[in-house]
Protein chains: 2
Amino acid sequence: MSLAEITLSDRNERGNGLIEATLTCIAEEGISNATVRKIANYAGVSNGLIRFYFKTKDGIIQAAYQRFLERIFNAAYEAMEEREGEPVERLRTFLGANLSPPIVTPEMVLLWANFLPLTYQDARMTEIREQWYNMTTRSLRELIREALAAEQRVVSDRELRHLSMAINGMIDGLWIEGALSTDKLVTQELREVGLNTAAKILGLESLSVERS
Amino acid sequence: MSLAEITLSDRNERGNGLIEATLTCIAEEGISNATVRKIANYAGVSNGLIRFYFKTKDGIIQAAYQRFLERIFNAAYEAMEEREGEPVERLRTFLGANLSPPIVTPEMVLLWANFLPLTYQDARMTEIREQWYNMTTRSLRELIREALAAEQRVVSDRELRHLSMAINGMIDGLWIEGALSTDKLVTQELREVGLNTAAKILGLESLSVERS
DNA sequence: CATAAAACTATGCAACTGTATAAAACTATG
DNA sequence: CATAGTTTTATACAGTTGCATAGTTTTATG
């Protein structure tokens with residue numbers, strides 16, 4: 001490892017810490033209370049240091065948003081990729097991951113809600129949201145197409161788009177409902193309801209979960 | 001009309017204006033930028049006047065949140081109530097209203113996202129959210145129960161809860177997806193996708209929409 | 001019209017905001 | 001060890017924040 005890499009690594013480590021501190025601060029205190037001084041406190045450094053790693057406050061917020069969306073997407077995508085060659089299993093894994101921790105937690109939904117309004121005020125934030133939204137949508141559509149094809153079903157582009165919209169919407173809705181609900185039944189049965197409903201929407205009996 | 005009522009009405013009118021100004025300000029500039037001075041500007045009054053109608057800034061934010069949730073619920077509920085005695089039609093109307101303007105607009109979703117984090121920091125905001133969430137959930141569950149009963153189908157409490165969760169989640173998810181999407185196809189086909197999917201979930205062919 | 005209450009404005013204050021900058025501490029290298 | 005570069009702190013600044021308060025205008029009533 002060259003020296004240049006070491007300092008780069010140190011630099012990234014501190015930068016990472018600041019980004020994580022930003023996410024924690026926003027989740028716990030809300031974006032309105034996430035000031036540079038509070039973020040610095042969470043990271044255990046003086047407030048001036050933030051400017052050494054990020055040019056502006058907007059900069060660190062954007063970096064934190066990117067990290068947040070990346071983490072959600074990867075959690076589902078990596079779980080899915082482990083299943084090779086079994087289209088229905090891949091879809092089931094992808095949906096299941098989106099309906100379980102660490103994606104389904106109050107912290108995640110809070111972060112999502114705190115960031116969302118910024119994507120209407122800051123062009124860079126809009127770009128970041130659209131980038132990851134497109135990746136998720138495309139992945140889901142492809143998974144559905146392949147799962148249906150595995151059962152010898154071919155659907156039109158229009159129908160595929162509608163199915164994808166419905167499933168995507170239901171996943172997002174259950175994600176929010178589950179994370180916000182104080183009712184433990186809701187969070188426990190979330191995965192079951194989501195998979196069974198997806199099975200009904202797609203007409204894929206093989207996707208659904210047996211009752212316990 | 002007695003004088004007491006006139007002054008009360010005037011007072012409410014100004015209070016209304018301030019609440020509306022708060023909602024507009026939050027939707028356009030985000031909760032972080034919704035200061036008492038900006039809100040006063042939107043309402044066309046001096047900043048000091050807000051304190052005459054609301055004890056604290058939290059107070060006017062809470063009042064605005066209440067108004068916001070009330071408006072969403074009423075838009076769907078009143079549309080539904082017009083259909084008497086036809087359970088499936090009532091359900092269809094309720095779902096359709098939740099998938100159309102004025103509920104499905106970027107402004108509404110933005111307001112929702114801006115308020116949500118506050119319900120984790122302010123106990124009163126939590127109460128307000130839970131109050132309206134319970135009303136919506138109960139209404140939807142009852143509508144589903146009656147629509148199924150009209151087709152001679154009786155479901156267990158557990159099954160009804162699951163169906164309600166799934167439909168509610170899908171509606172919320174499509175609501176967000178539709179309002180945030182810049183793709184016009186999405187917003188146009190939202191209602192159709194939502195109703196057809198609800199039909200699939202409930203197994204109620206009579207709920208679905210014919211293709212145009 | 002007089003006058004008291006209600007509605008509204010103007011201004012001030014301490015605390016806090018993002019940012020700039022200079023000084024300090026630390027680290028690697030000759 | 002010296003010294004140049006990097007990382008970190010401390011402090012200062014102008015602008016903004018929620019809130020308080022005193023004063024002004026408007027409105028209702030005898």
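Residues numbered from 1 in each chain as written. Chains lettered and ligands numbered in written order. Predicted model: local features only at pLDDT ≥ 70, side-chain atom pairs only at ≥ 80, totals over all residues. Heavy atoms only, no water.

UniProt's entry tags residues 35–54 of chain A with the feature "DNA-binding region" (unreviewed entry), counted in the numbering of this structure. Along residues 35–54 of chain A the backbone is 60% helical and 0% strand, and the end-to-end C-alpha distance reaches 14 Å. (UniProt positions renumbered as here; feature names shortened; annotations may be inferred. Helix = DSSP H or I, 4+ residues; strand = E, 2+ residues; numbered from the N terminus.)

Burial analysis of helix α6 (residues 106–115) of chain A places eight of its 10 residues in the buried class, which makes it a mostly covered element. Within the span of α6 of chain A, buried status applies to Met 108, Val 109, Leu 110, Leu 111, Trp 112, Ala 113, Asn 114 and Phe 115 of chain A. (Buried < 20%, exposed > 50% of the residue type's maximum accessible area, 1.4 Å probe, protein only.)

Turning to the relation of the copies chain A and chain B, a few remarks are in order. For the pair chain A and chain B, the superposition axis carries a translation of 0.0 Å, the fit reaches an RMSD of 0.0 Å, and the rotation angle comes to 180°. In the structure described here, the two chain copies are related by an operation that fits a two-fold rotation axis. Taken together, the interface assignments show that 100% of the residues at the interface of chain A recur at the interface of chain B, consistent with an identical surface on both copies. (Least-squares fit on C-alpha atoms with pLDDT ≥ 70 in both. Contact = heavy atoms within 4.5 Å.)

A few words now on the packing of helix α8 (residues 157–180) of chain A against helix α9 (residues 184–202) of chain A. Residue and element names in this part refer to chain A. Where α8 meets α9, the closest approach of the two axes is 10 Å, and the angle between their N-to-C directions is 170°. Put simply, α8 runs roughly antiparallel to α9. Contact residues: Leu 163, Ala 166, Ile 167, Met 170, Leu 174, Glu 177 and Gly 178 in α8; Val 186, Thr 187, Leu 190, Val 193, Gly 194, Thr 197, Ala 198, Ile 201 and Leu 202 in α9. Considered class by class, the residues forming the contact of α8 with α9 number 11 nonpolar, four polar and one charged. (Axes fitted to C-alpha atoms, helices over the stretch in contact; angles between N-to-C directions. Parallel < 35°, antiparallel > 145°, perpendicular 65-115°, else oblique. Nonpolar A, V, L, I, M, F, W, Y, C, P; charged D, E, K, R; others polar.)

Attention now goes to the pattern of salt bridges. Where charged atoms of side chains with opposite charge meet at close range, the side chains can pair. A full pass over the atoms with the stated rule returns 20 salt bridges over all chains. Glu 192 of chain B is the partner of Arg 158 of chain A in a salt bridge, and the nearest nitrogen-oxygen pair spans 2.8 Å. Of this pair, Arg 158 of chain A sits in helix α8 while Glu 192 of chain B sits in helix α9 (residues 184–202), placing the two residues on different chains. Under the relative-accessibility criterion, Arg 158 of chain A is labelled partly exposed at 30%. Between Glu 89 of chain B and Arg 83 of chain B there is a salt bridge; the shortest N-O distance is 3.0 Å. (Salt bridge = Lys/Arg side-chain N within 4 Å of Asp/Glu carboxyl O.)

Once that is clear, we can look at the interface of chain A and chain B. Across the contact, 46 residues belong to chain A and 46 residues belong to chain B. Summing the contributions of chain A and of chain B, the shared interface buries around 3,800 Å²; its carbon and sulfur component is 59%. Counting across the interface, chain A meets chain B through six salt bridges. In this structure, the salt-bridge partner of Arg 158 of chain B is Glu 189 of chain A, at a minimum N-O distance of 3.5 Å. Viewed at the interface, chain B and chain A are joined by 18 residue pairs in polar contact (both at pLDDT 80 or more). Those elements giving two or more residues to the side of chain A that touches chain B turn out to be α6, α7 (123–150), α8 and α9 of chain A. A per-element tally of the side of chain A that touches chain B places α8 of chain A first, with 17 residues. A per-class count over the side of chain A that touches chain B returns 23 nonpolar, 11 polar and 12 charged. (Buried area = accessible area lost by both parts, 1.4 Å probe. Polar contact = N/O pair within 3.5 Å; in protein donor to acceptor, adjacent residues only side chain to side chain.)

With that settled, the discussion passes to the environment of Trp 112 of chain B. Looking at the secondary structure, you find Trp 112 of chain B in helix α6 (residues 106–115). Assessed through its relative accessible area of 14%, Trp 112 of chain B is described here as buried. Along the primary structure Trp 112 of chain B and Ile 39 of chain B are separated by 73 residues, whereas in three dimensions their C-alpha atoms are 18 Å apart. Residues in contact with Trp 112 of chain B, not counting those within four places in the same chain, are Trp 112 and Ile 176 of chain A together with Phe 68, Trp 175 and Ile 176 of chain B.

What follows concerns the packing of aromatic side chains. Under the counting rule described, the total for this entry stands at 13 aromatic pairs over all chains. Three or more aromatic residues joined by ring pairs form one cluster here, namely Trp 112 and Trp 175 of chain A together with Trp 112 and Trp 175 of chain B. (Phe/Tyr/Trp six-rings, centres within 6.5 Å; stacked < 30°, edge-to-face > 60°.)

Here we take up the side chain of Thr 197 of chain B. Mapped onto the elements, Thr 197 of chain B comes out in helix α9. Judged by relative accessible area, Thr 197 of chain B falls into the buried class, the value being 5%. Contacts of Thr 197 of chain B, omitting those with residues within four sequence positions, involve Ala 166 and Ile 201 of chain A together with Met 170 of chain B.

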